[in-house]
Amino acid sequence: FQGQGLEPPPLTVDAEAGGLSSSDRIYATVEEALAVATQGDTIQFRGGTYNFASTVVVTVDDLKFENVDRETVVINGPANGPAFRFGSGVNVTMT
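From a predicted model like this one, the values you see are computed outputs, not experimental measurements.

> Outline the side chain of Asp14, supporting the account with residue identities and numerical values.
Position of Asp14 among the secondary structure elements: in the loop between β1 (11-13) and β2 (26-27). It is Arg46 that comes nearest to the buried, bridge-free Asp14 among opposite-charge side chains, at 4.3 Å. Setting aside residues up to four positions removed in sequence, Asp14 forms contacts with Ile26, Tyr27, Ala28, Arg46 and Tyr50.

> Please give an account of the pairing of strand β6 (residues 63-67) that cites residues and values.
In the sheet, strand β3 (residues 42-45) pairs with β6 via 4 bridges, with the strands oriented parallel. Note on β6: the bridge partner recorded for Phe45 is Asn67. The pairing of β6 with strand β9 (residues 92-94) spans 3 bridges and is classified as parallel. By the bridge assignment for β9, Lys64 is matched with Thr93.

What counts and how
Residues numbered from 1 in each chain as written. Predicted model: local features only at pLDDT ≥ 70, side-chain atom pairs only at ≥ 80, totals over all residues. Heavy atoms only, no water. Helix = DSSP H or I, 4+ residues; strand = E, 2+ residues; numbered from the N terminus. Buried < 20%, exposed > 50% of the residue type's maximum accessible area, 1.4 Å probe, protein only. Lys, Arg positive; Asp, Glu negative; His and termini not counted. Salt bridge = Lys/Arg side-chain N within 4 Å of Asp/Glu carboxyl O. Contact = heavy atoms within 4.5 Å. Pairing = 2+ DSSP bridges.

Here it is, written out as structure tokens:
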């Protein structure tokens, strides 16, 4: 896609549909999406509430996190820490 003026399709986090197919870009957890994410990818969250048991560490640079259009997303971190921790020098956009 890159170099052709096209953006790659987003990686989607959807607890209900994630993992139904090994050939799609839909994941049950943000950790699964991050495991395959590369620099410049977009990770979309389907609407819903995401309760993280532990802090999610992001080490991939230049990611964009967003909700699916017109869907409300709530992200709750663990009781003893933040929802996300970003590696040194990692830039992330959240919209």
